[in-house]
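Descriptive analysis of the structure
Chain residues, written in single-letter form:
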Amino acid sequence: MDTTYSELREACRLPQHCLAESWAHCDWEDAIMVRADWRLEGEWVKNCNCAFGCPCDFNARPTNGECKGLLGMRITKGNFESTDLGGLSFFVTVHFPGPLHEGNGEAQAIIDERATPAQREALFAILSGKNSAEGTLFHIFSLIVATMHEPIFAPIHFEFDKLARVAGIDIPGVLTTEVEPIKNPVTGAPHRIQVVMPEGFEHREGEVASANIHSTGAIRFDTRGTHSTLADVVQTPHGVEA
């Protein structure tokens, strides 16, 4: 493998016309993707500063005009070519000044410190979008992020129970987030909502919950009682399989 962090950063400097109002207007010949054999299966978390429901999932503007959040997963089974990625976790904190499709975003990758040099390069190769088909999650990510901050390698403590809508991520000195069920404002009983996106590029079906976030890395922000999605996902070079 020859993909490095510097290439991940360069992948986020594709032609500016790719950041037009629609990705469909991008000249894809300027952003040719190199395909590799990879697969990520695992437990997915997306927490952000928006109201419950995440307007991005509905092609709407962020609740407060800008998007601050995190996404990532614990890989229960995965590989990049011959490199095994099972058991590792990665998360990415992000900030976009407006709707994601308008671009100009910034991001910081947080990689499980247990990853070997080969595994780190493998994860960067996936995150770069260079090994994904056009219009898939990591390819789109490479188009809308203008600034990649230096990655962080740290211990990641991760808890996840999708059915109970409970999760937690603790990365000391970098990121802490807790997820719990949305509560009925009258009875206090757990309130269950699912989002189903048959053609989604992030996941197919997710449980909606409530998140608190404390981010102290390069992208600093705090939220309480904002959106969370928990999902089981399968990501491949050709997009979401489950």
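Anything mentioned here points back to the structure above.
Attention in this report is confined to the structure presented alongside it. Counting restarts for each chain: residues are numbered from 1 in the order of the written sequence. Since the coordinates come from a predicted model, pLDDT governs what is reported: local features require at least 70, and pairs of side-chain atoms require 80 or more to be given and counted, while whole-chain, interface and lining totals use all residues. By convention in this description, side-chain values take in all heavy atoms of the structure and omit both hydrogens and water.

A word on the packing of aromatic side chains
Each pair of aromatic rings taken from Phe, Tyr and Trp, with Trp reduced to its six-membered ring, is defined by centres within 6.5 Å and is described as stacked if the planes are under 30 degrees apart, edge-to-face if over 60, and tilted in the remaining cases. Counting across every chain of the model gives four aromatic pairs. Relative to Phe 138, the ring of Trp 38 has its centre 5.9 Å away and its plane inclined at 65°; by these criteria the two rings are edge-to-face. Taken together, the residues Trp 38 in strand 1 (residues 38-48) and Phe 138 in helix 3 (residues 137-144) connect sequence positions 100 residues apart. Relative accessibility decides the category of a residue: with a 1.4 Å probe and only protein chains considered, values under 20% of the type maximum give buried, values over 50% give exposed, and everything between is partly exposed. Taking relative accessible area as the criterion, Trp 38 reaches 1% and is therefore assigned buried. The exposure class assigned to Phe 138 is buried, which follows from its relative accessible area of 4%. Arranged with centres 5.6 Å apart and planes meeting at 45°, the rings of Phe 91 and Phe 158 form a pair that is tilted. In this pair, Phe 91 is assigned in strand 4 (residues 89-96) and Phe 158 in strand 8 (residues 157-161), connecting sequence segments 67 residues apart. A connected cluster of aromatic rings, assembled from ring pairs, spans Phe 91, Phe 158 and Phe 160. Stacked on the ring of Phe 153, the Lys or Arg Arg 120 has its end atom at 3.9 Å from the ring centre. Segments assigned H or I by DSSP are reported as helices when at least four residues long, segments assigned E as strands when at least two residues long, and all are numbered from the N terminus. By the criterion adopted, a ring carries a charge over it if an Arg CZ or a Lys NZ lies within 6 Å of its centre and within 35 degrees of its normal.

A look at the nonpolar core
Membership of the largest hydrophobic core comes to 35 residues, with the highest contact counts inside it found for Leu 40, Phe 80, Leu 85, Phe 90, Val 92 and Ile 111. Of all the secondary-structure elements, those providing two or more residues to this core are strand 1, strand 2 (67-80), strand 4, strand 5 (105-112), helix 2 (117-127), helix 3, strand 6 (145-148) and strand 15 (220-236). Joining through side-chain atoms within 4.5 Å is the link that ties buried Ala, Val, Leu, Ile, Met, Phe, Trp, Tyr and Cys residues into a set, and such a set is a nonpolar core. Listed in part, the 21 residues of the second largest apolar core include Ala 167, Val 174, Ile 213 and Phe 221.

Here we look at the pattern of salt bridges
Once their charged atoms are close, side chains differing in charge can pair, the charge on each being opposite to the other. Every case where a carboxyl oxygen of Asp or Glu lies within 4 Å of a side-chain nitrogen of Lys or Arg is listed as a salt bridge. On inspection of all chains with the given rule, the structure shows ten salt bridges. A salt bridge links Asp 57 to Lys 46; the shortest N-O distance between them is 3.0 Å. Separated by eleven residues along the polypeptide, Asp 57 in the loop between strand 1 and strand 2 and Lys 46 in strand 1 bring together distant segments of the chain. By relative accessible area, which is 17% here, Asp 57 ends up buried. Here the salt bridges share partners, and the residues they tie into one network are Arg 39, Glu 41 and Glu 241.

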